[in-house]
Amino acid sequence: MVLLSFVHLTQGQADYTVTQLVKEVWTEGRVQDIVLSLRLPRLIIGILAGGALAVAGAVLQTLTNNPLASASTLGINAGAYFFVVVSMIFFPSLLGNFPFIVALVGAVLSSVLVVMLAGKQMEPVRVALTGMIISLLFASMTGSLQLLFENQTNGLFLWGSGTLVQLNWDGVSFAGPVIIVFFILALVLAKPLDTLSLGEDIASSLGQNVRFVKLLAWAVAIVLAAATVSVVGPIGFIGLMAPHIVRMLGVRGHLNILLQSFLWGSVMLIGADVLGRLIQPGQEVPVGAMTALIGGPWLLYLAWKTAKTHSRGDRQMGGTLKPVKLSVVIAIVVALLLVIISLALSFNGTAWTTEWLKPVVWNFRVPRVLTAFIVGVMLAIAGVLLQGVLRNPLADASILGVTSMGGAGAMMLLVLFPAIPVNYMPLGAVVGAAIALGIILGTSWKNNFQPMLVALMGIAISAFGSAATQVLVVKAKLAVAAALVWLSGSTYAKGWEDVQLAVLLFALFIGPAIYLTRSLDTLTFGDDVAAGLGLSVKSTRVWALIVGVAISTAAVSIVGTIGFVGLVAPHIARRLVGFRHLPLIVVSGLLGGLLLVTADFVGRILIAPKDIPSGLIVALIGTPYLLYLLRKMK
Amino acid sequence: MKKSLKSLLFLALFAVLLVGCSSKGEDKAEDKGKAEENITITGVNGEVTLKEPAKKVVVLEWTYAEDLLAVGVQPIGMADIEEYNNWVNIDAELSKDVADVGGRQEPNLEAIAALEPDLIIGTSFRHDGMIADLEKIAPTVIFNPYPEDEKMDLYQEMITTFNEIAKVVDKKDEAKQVLADLDEKYEEAKTTIDNAGLKTKDVVLTLAYTGPQAPEIRVFTPNSMASIMLEKIGLNNIHIPDQFELYGSSTYNVEGLAKYEDANYLYIVQDEDNIYEKQLKDNAVWKNLNFVKEDRLYDLGGDTWLYGGPLSAETLLNKITSTMVSK
């Protein structure tokens, strides 16, 4: 820790040798200024924030009896950050005075949400998944707000992915006391927590006021997390990793665990910061991205271990038992589609035209709308397959990490070969997605593709992929403007070649997808029944995974990373036509097409002649529905 | 007396310019143009030939709009007009009738097509990927203001592009005049700076904004266009980057400025994102930098565009001379 702190202090843009620093820091002057007003606050805030997150994680893990709990996996960080952004936009004066209170409200709300949705038993994998979805919700809402209120949120990028940059002591002098007070409070709670970890019954029979202790412990964890978010932004994985390392080292008893967690958390955050500045000297790499980069693989390992020891957590897929007649559903959806497509073809944001064959419309608008439709269909079908095979209503390509690894792969290509045209980015995406799939297949093979394990692996890979993308974006600097648009998912400037490609890919994959539907239907009865019926469960899973990932990668290669379609469309379909996969594929395909055509249309006309990436619009439409769904799934 | 001196100077510059122009390898294109009466201009995407001078031009990058305005031609359509007005401040006014064709990164193809242009002008780092789409609408020429070749003179690239654009709208004479005026301006500015009695002619030129992480300060490198302009008026840019910077600037935070504290600090910052008044105001490092303590800060205003054409260059010169002399 001392060593790392020392290295940390020597890093910076002003070139001072170590001896210079050591000598001159004691006398007034430039070196002292730099060390005292820039580098030292950065170091101290790093120590405080890392420690606070680690302690919060340790407390949460005990509370939920869940090795995967932490402020970031429970969505607390994302919630706090979302509230900071909201108040920045709508109540700027409030934030100026009470950023902490705002973050706290967000943190409390999201943790209540997660606890409500995940159920009382706090089953680890379920909690982690719910937390992940809540994080996803808040993150996409934050992203949308930032795009729509660009001017008001400019300074917020400071926090966006977590940064330790400090320009004075304000951050430290604000967060320091809060963190220290609540850390001490946590230490006071150490004894009751020891008792609590024996089990609630034993604890209450020993005369402990379990409810009070629990409530207090939650409060401590939430306040610690909120305090860090309000100063350094959402930083993930520290709270997950640090307590584990401590436990792995054989430390017992909460007093020791908490103390050492604090230390390890500090070391890890400072270490990540040091590493980030080593990767790109003189430039800021978000420290949050660095922790995710290190933490992703760790979570992968942890998920693997947890899933092995914990009960398999299959979830009900939902879906109505009284399906609406298929012909009726299809007729309605097709009718809606026709309406939106003709709207999309007729209106460019300022003027209406019905001459669809006019060169302007025919060359630019028609292929764009068609591409959006086909890609929407493909994304939705991939969603159906992936949800079916994982028996997890929350699965989709983005949750499996395929999408984010695809993005990372594409960025990697751009960084390694800067001269390569943007058109070749999908190549990198295919490689990235293949790696993600490879990891999932490799790690889950032995466990017979236990659905929850696969989903957890996906979360870890996804975190790693998006962190890698972030770091690569910083590395590639300005040249990535075009890449960023692609990354956010765009149906912009799709021509007839894209339509051809989309049709080709669609034709290639639709056959296998339909072929798989029967086996997937059998799988819904559960692995044992399915095996009893003569189905090779394992090979069905492998093939459905491969086909699902292939379809979504194909879609990504055309329009970039558009999420949510594959998540939302199958849900709506399931509520309409039940759980049989063939009708499900048809209906959700149509719904997916409808969704993306609508998103493309809205994105085109909302701030015409400018364009909003359709990926963002989909997220805006998709999140409220997902929230509603999460509530329903109780 | 003064007037005649001026015109003499003007003549001399003119002559230099002519020599300069004719030796710059444009001869080939020019000869061709004369032979077939077609107009051929050369961008990084090769030669583009038009049957007659372009009347309706769509520009997808501000610099090229500015180039057109400098020779008295209004584009028919342009990208990001609102932002252009925030950042670019030149004498020539952009007409209210110019159609906005969307963002510079993702211009609205339909809007461009609806204008039925004769020519589209784009820039390499944004529009290389969509040349095929643009060419479906109209002949398209792409210029690259940031060549990968470190030895390229970016200032010369700007002049060459300017002349090419002037040629395609049949305003070669006007272009000559603009460049002659600019050269005259350099001389004037140089004299002003010489007489201003500055403590040092060493400068760093910066552009600051709130970046993805914190206040970011772009410090311009000697190969950047703006820096070449500074050298032309006798100022000395002392920032030498460690590595080749494609876009002509290194990104620093306040700590990185320490090594330049003895120079004059020329800066550009937008009013609503003034990091010097907001984030850095109470920062000890910033406050104790020599150029801050000795008040050698020169605010060039948010709308001095360092990536523009000849008219932006004039604005830059005016701002530099007026702020440096008035202090």
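If you're wondering where the values come from, they're calculated on a predicted model, not measured in any experiment. Per chain, the residues get numbers from 1 upward, laid out in the order the sequence is written. Chain letters start at A and ligand numbers start at 1, both assigned in the order the entries are written. Only residues with pLDDT of at least 70 are given local features in this predicted model, and only at 80 or more are side-chain atom pairs given and counted; all residues enter the totals for whole chains, interfaces and linings. Derived side-chain values reflect all non-hydrogen atoms in the structure, with water molecules and hydrogen atoms excluded from consideration.

Engineer: Can you walk me through the overall build of chain B in this structure?
Structural biologist: Counting from the N terminus, the helices are DSSP H or I runs at least four residues long and the strands are E runs at least two residues long. Each helix and strand in chain B was counted, giving 13 helices and 13 strands. Between buried and exposed lies partly exposed: a residue is buried under 20% and exposed over 50% of the maximum accessible area for its type, with that area taken using a 1.4 Å probe on protein chains only. Residue burial in chain B is summarised as follows: out of 327 residues, 58% are buried. Long-range contacts, defined here as pairs at least 24 residues apart, represent 65% of the contacts in chain B between residues at least 6 apart. Working note: accessible area of chain B is about 14000 Å², and carbon and sulfur atoms make up 50% of it. Residue contacts are defined here by distance: any two heavy atoms, one from each residue, within 4.5 Å place the two residues in contact. Every accessible area reported is derived by Shrake-Rupley at a probe size of 1.4 Å, with residue values counting cover from the shown protein chains alone.

Engineer: Any chance you could explain the overall build of chain A here in plain terms?
Structural biologist: Scanning chain A from N- to C-terminus turns up 27 helices and zero strands. Taking as baseline every contact in chain A between residues at least 6 positions apart, the subset at least 24 positions apart corresponds to 79%. Surface exposure of chain A reaches about 24800 Å², of which carbon and sulfur atoms provide 70%.

Engineer: Is there a simple way to think about the environment of Lys 96 of chain B in this case?
Structural biologist: Structurally, Lys 96 of chain B is set in the loop between helix H4 (81-87) and strand S5 (99-100). Taking the C-alpha atoms as reference points, Lys 96 of chain B and Leu 115 of chain B, 19 residues apart in sequence, are found 15 Å from one another.

Engineer: Hey, could you run me through the sheet that holds strand S3 (residues 57-59) of chain B in this one?
Structural biologist: Pairing between the strands of a sheet is mediated by backbone hydrogen bonds and can be parallel or antiparallel. Residues and elements named next belong to chain B. Across the sheet, which stays open at both edges, the five strands sit in the order S5-S4-S3-S6-S7 with parallel pairing between neighbours. With partners counted over all chains shown, the strands left at the sheet margins are S5 and strand S7 (140-143), one partner each. Note: two strands are recorded as paired if DSSP finds a minimum of 2 bridges between them. Across two bridges, S3 lies against strand S4 (residues 77-78) in parallel orientation. For Val 59, the partnering residue across the bridge sits in S4 and is Met 78. Between N-to-C directions, angles cover 0 to 180 degrees, with each direction set by a line fitted to C-alpha atoms, over the stretch in contact for helices. Of the strands in this sheet, S3, S4, strand S6 (119-123) and S7 are in contact with helix H3 (residues 62-70), which crosses S3 at around 140°. Where helix H8 (residues 154-168) meets the sheet, its contacts fall on S6 and S7, and the angle it forms with S7 comes to roughly 165°.

Engineer: What's the story with the packing of helix H9 (residues 170-188) of chain A against helix H12 (residues 210-232) of chain A in this structure? I'm lost.
Structural biologist: Packed helices, taken two at a time, are described by their axes: the angle between them and the distance between them. Residue and element names in this part refer to chain A. Orientation of H9 relative to H12, taken along the N-to-C sense of each, is 165°, at an axis distance of 10 Å. As far as their axial angle goes, H12 and H9 are roughly antiparallel. Classified by chirality, the crossing of H12 by H9 is left-handed. Facing H9, whose interface residues are Gly 171, Phe 174, Ala 175, Val 178, Ile 179, Phe 182, Phe 183, Leu 185 and Ala 186, H12 presents Val 220, Val 223, Leu 224, Ala 227, Thr 228, Ser 230 and Val 231. These descriptions rest on fixed angle ranges, namely under 35 degrees for roughly parallel, over 145 for roughly antiparallel, 65 to 115 for roughly perpendicular, and the rest for oblique. If you view the pair so one helix is near and one far, a crossing is left-handed when the near helix is turned anticlockwise from the far one by less than a right angle, and right-handed when it is turned clockwise.

Engineer: What's the story with the environment of Ile 374 of chain A in this structure? I'm lost.
Structural biologist: Residue and element names in this part refer to chain A. Inspection of the secondary structure assignment puts Ile 374 in helix H17 (residues 359-390). Sequence spacing of Ile 374 and Leu 336 is 38 residues, and the spatial spacing of their C-alpha atoms is 16 Å. Those residues in contact with Ile 374, other than ones at most four positions away along the chain, are Val 499, Ala 502, Val 503 and Phe 506.

Engineer: Hey, could you run me through the pairing of strand S9 (residues 215-220) of chain B in this one?
Structural biologist: The two faces of a sheet get side chains in turn, since along a regular strand they alternate between them. Residues and elements named next belong to chain B. Counted residue by residue, S9 has six buried out of six residues, so it is predominantly covered. Alternating positions in S9 separate into two faces, Pro 215, Ile 217 and Val 219 on one and Glu 216, Arg 218 and Phe 220 on the other, with burial throughout. One ladder, built from four bridges, connects S9 with strand S11 (residues 249-252); its direction is antiparallel. Its bridge partner being in S11, Arg 218 is matched across the sheet by Thr 251.

Engineer: I keep staring at the packing of aromatic side chains and nothing clicks. Help me out?
Structural biologist: Given two aromatic rings, their pairing is described by the distance between the two centres and the angle made by the two planes. Residue and element names in this part refer to chain B. Each Phe, Tyr or Trp ring (for Trp, its six-membered ring) is paired with any other whose centre lies within 6.5 Å, and the angle between the two planes then decides the class: stacked below 30 degrees, edge-to-face above 60, tilted in between. Scanning the entire structure with this criterion turns up 22 aromatic pairs over all chains. Each residue in the set Trp 62, Tyr 84, Trp 87, Tyr 146, Phe 220, Trp 305 and Tyr 307 is aromatic and connected to the rest through ring pairs, giving one cluster. The lysine or arginine in question, Arg 104, covers the ring of Trp 62, its NZ or CZ lying 3.6 Å from the ring centre. Here, over-ring charges are defined by two tests on the NZ atom of lysine or the CZ atom of arginine: distance to the ring centre within 6 Å, and angle to the ring normal within 35 degrees. Cation over ring: Lys 232 sits above Tyr 186, and NZ or CZ is 5.4 Å from the ring centre.

Engineer: I'm lost on the environment of Thr 561 of chain A in this one. Help?
Structural biologist: Structurally, Thr 561 of chain A can be placed in the loop between helix H24 (537-559) and helix H25 (565-577). Sequence-wise, Thr 561 of chain A and Pro 286 of chain A are 275 residues apart; in three dimensions their C-alpha atoms are separated by 21 Å.

Engineer: It is not clear to me how unusual backbone geometry should be interpreted in this structure. Could you clarify?
Structural biologist: Leave glycine aside and you will find that most residues have negative phi; peptide bonds, for their part, are mostly trans. Residue and element names in this part refer to chain B. Not every positive phi belongs to a glycine, and Asp 80 is a case in point at roughly 55°. Mapping Asp 80 onto the fold places it in the loop between S4 and H4. For Asp 80, a relative accessible area of 10% gives the class buried. At Asp 170, a position not held by glycine, the phi torsion is positive, near 60°. With respect to the secondary-structure elements, Asp 170 resides in the loop between H8 and helix H9 (172-195).

Engineer: How should I be thinking about the confidence of the model for chain A in this particular structure?
Structural biologist: Note that predicted coordinates carrying low pLDDT should not be read in detail. Residues and elements named next belong to chain A. Confidence scores here are pLDDT values: one per residue, from the predictor, ranging 0 to 100. Considering every residue of chain A, the mean pLDDT works out to 79; 80% of them sit at 70 or more. Averaged pLDDT values over the elements of chain A bottom out at 46 in helix H8 (residues 157-160) and peak at 91 in helix H26 (residues 581-605). Within the model, pLDDT remains below 50 along residues 153-159, and this stretch shows 27 contacts once partners closer than five positions in the same chain are excluded.

Engineer: What should I look at first to understand a negative patch on the surface in this one?
Structural biologist: Residue and element names in this part refer to chain B. A surface patch of negative charge is lined by Glu 82, Glu 83, Asp 100, Asp 271, Glu 272, Glu 277 and Asp 299. Looking at the secondary structure, you find Glu 82 in helix H4. By relative accessible area, which is 61% here, Glu 82 ends up exposed. Patches draw on residues past 30% relative accessible area with no salt bridge. Two like charges within 9 Å are joined, as are two nonpolar side chains (Val, Leu, Ile, Met, Phe, Trp, Tyr) within 5 Å. A carboxyl oxygen of Asp or Glu within 4 Å of a side-chain nitrogen of Lys or Arg is what we treat as a salt bridge. For the charge count, each Lys or Arg is scored as positive and each Asp or Glu as negative, with His and the chain ends excluded. Working definition for charges: the position is that of NZ of Lys, CZ of Arg, CG of Asp or CD of Glu.

Engineer: Before we go on, may I ask you to explain the packing of H17 of chain A against H25 of chain A in this structure?
Structural biologist: Residue and element names in this part refer to chain A. Two elements in contact, H17 and H25, have axes separated by 7 Å at closest approach and are oriented at 75°. Judged by the inter-axis angle, H17 sits roughly perpendicular to H25. Here Gly 376, Leu 379, Ala 380, Gly 383, Val 384 and Gln 387 of H17 lie close against H25, whose contacting residues are Val 565, Gly 566, Leu 567, Ala 569, Pro 570, His 571 and Arg 574. Note on residue classes: Ala, Val, Leu, Ile, Met, Phe, Trp, Tyr, Cys and Pro are nonpolar, Asp, Glu, Lys and Arg are charged, and everything else, Gly too, is polar. Of the residues contributing to the contact of H17 with H25, the split by class is seven nonpolar, five polar and one charged.

Engineer: Before we go on, may I ask you to explain the pairing of strand S1 (residues 39-43) of chain B in this structure?
Structural biologist: Residue and element names in this part refer to chain B. When you tally the buried positions in S1, you get four out of five residues, the bulk of the element. Sheet topology places S1 next to strand S2 (residues 46-50); five bridges connect them, and they run antiparallel. By the bridge assignment for S2, Thr 42 is matched with Glu 47. Where S1 hands over to S2, the hairpin turn is made up of two residues, counted between the paired strands.

Engineer: When you look at H9 of chain A in this model, what are you seeing that I'm missing?
Structural biologist: It helps to recall that an α-helix has 3.6 residues per turn; residues three or four apart then point in one direction. Residue and element names in this part refer to chain A. In this model H9 runs 28 Å from its N-terminal to its C-terminal C-alpha over 19 residues, within 8% of the 27 Å that 1.5 Å per residue would give. One axis fitted to the seven residues ending at a residue, another fitted to the seven starting there: the angle between these axes is the bend at that residue. A bend of about 30° at Gly 176 is the largest found in H9, and the proline Pro 177 appears one to four places after it. For H9, the set of buried residues is Gly 171, Val 172, Ala 175, Gly 176, Val 178, Ile 179, Phe 183 and Ala 186. To estimate the expected span of a helix, subtract one from its residue number and multiply by 1.5 Å.

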